[in-house]
Amino acid sequence: MSEHTAQLSVRTGSWCLYVALMGVPVSQWPEHDFGPGPVVPTPAERSRALDALGFVFTEGAEWEWTEYSERPDDDTSPVRLLASVQVCSRGGSAS
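Caption draft 1: Structural detail: the overall build of the protein chain. Check the secondary structure of the protein chain and you find 1 helix and 6 strands. Counting from the amino terminus, the protein chain carries its helices and strands in the arrangement β-β-β-α-β-β-β. Along the three orthogonal principal directions, the C-alpha set of the protein chain runs to about 45 × 30 × 25 Å. A burial count over the protein chain gives 32% of its 95 residues as buried. Expressed as a percentage of contacts within the protein chain between residues at least 6 apart in sequence, the contacts between residues at least 24 apart total 47%. Accessible area of the protein chain: about 6,000 Å², with a carbon and sulfur share of 52%. Within the protein chain, one finds 6 positive and 13 negative side-chain charges whose respective centroids are separated by 7 Å.

In structure tokens form, the structure reads like this:
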């Protein structure tokens, strides 16, 4: 079973969930845009979006949040949040 990393981040004012597929151009990665708004999608909303994209959580997977600066080495830079979780295709094989 091939595992992939699903990530959730803010892009142009809306939360976007995408699945990183190694060896596949970024433009072809499956993604779901939650639309504009400052509210982080709930775990249930993220799960439904992943299901619609054809992915499920791997056993024991949990969302992990990372904070990073928009401009590295600048402590006045806006902070961005990135969530990630391990997933596999619903059929258990690589997508």
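Caption draft 2: Representation of helix 1 (residues 43–53) within the structure. Listing the buried residues of helix 1 in full gives Arg46, Ala49 and Leu50. Summarising the axial view, the buried residues of helix 1 lie within an arc of 100 degrees, below the 170-degree limit, and thus occupy one face. Projecting away from the buried face of helix 1 at angles above 90 degrees are the exposed residues Arg48 and Ala52. On its buried side, helix 1 packs onto strand 1 (4–11), strand 2 (14–20), strand 3 (31–36), strand 4 (55–57), strand 5 (64–69) and strand 6 (79–89). Looking one or two residues beyond helix 1, the residue adopting positive phi is Gly54, at roughly 95 degrees.

Caption draft 3: How the structure looks around a nonpolar patch on the surface. A cluster of nonpolar side chains, namely Val40, Trp65, Val79 and Leu81, defines an oily patch on the protein surface of about 320 Å² accessible area. Tracing the backbone shows Trp65 in strand 5. Given a relative accessible area of 38%, Trp65 falls into the partly exposed group.

Caption draft 4: The arrangement of the nonpolar core in detail. Ranked by size, the top nonpolar core spans 18 residues in total, and within it Ala6, Leu17, Val19, Leu50, Trp63 and Val87 carry the most contacts. Every element with two or more residues in this core is listed here: strand 1, strand 2, helix 1 and strand 6. A total of 6 residues in this core trace back to one element, the largest contributor, which is strand 2. Discounting residues that sit within four places of it in the chain, Ala6 has contacts with Leu17, Tyr18, Val19, Leu50, Trp63, Ala83, Ser84, Val85 and Val87.

Caption draft 5: The environment of Ser77, seen in detail. One can find Ser77 in the loop between strand 5 and strand 6. A C-alpha to C-alpha distance of 27 Å links Ser77 and Val19, two positions 58 residues apart in sequence. When neighbours within four sequence positions are excluded, Ser77 is seen to be in contact with Ser69, Glu70 and Arg71.

Caption draft 6: Region of interest: the packing of aromatic side chains. Throughout the structure, instances matching the rule amount to 3 aromatic pairs. Summarising the aromatic geometry, the rings of Trp15 and Trp65 are spaced 6.1 Å apart at their centres and angled 85 degrees between planes, so their arrangement reads as edge-to-face. One end of the pair, Trp15, is in strand 2; the other, Trp65, is in strand 5, with 50 residues separating them in the sequence. With a centroid separation of 6.2 Å and 80 degrees between ring planes, the pair formed by Phe57 and Trp63 is classed as edge-to-face. Accessibility expressed as a relative area gives 29% for Phe57, which makes it partly exposed. The ring of Trp63 has Arg46 sitting right over it, with the charged end atom 4.9 Å from the ring centre.

Calculation criteria
Residues numbered from 1 in each chain as written. Predicted model: local features only at pLDDT ≥ 70, side-chain atom pairs only at ≥ 80, totals over all residues. Heavy atoms only, no water. Helix = DSSP H or I, 4+ residues; strand = E, 2+ residues; numbered from the N terminus. Buried < 20%, exposed > 50% of the residue type's maximum accessible area, 1.4 Å probe, protein only. Contact = heavy atoms within 4.5 Å. Areas by Shrake-Rupley, 256 points an atom, 1.4 Å probe, with all protein chains shown as cover. Lys, Arg positive; Asp, Glu negative; His and termini not counted. Charge placed at Lys NZ, Arg CZ, Asp CG, Glu CD. Arc of directions from axis to C-beta. Patch = residues over 30% accessible without salt bridge, like charges linked within 9 Å, V, L, I, M, F, W, Y side chains within 5 Å. Salt bridge = Lys/Arg side-chain N within 4 Å of Asp/Glu carboxyl O. Core = buried A, V, L, I, M, F, W, Y, C linked by side-chain atoms within 4.5 Å. Phe/Tyr/Trp six-rings, centres within 6.5 Å; stacked < 30°, edge-to-face > 60°. Lys NZ or Arg CZ within 6 Å of the ring centre and 35° of its normal.

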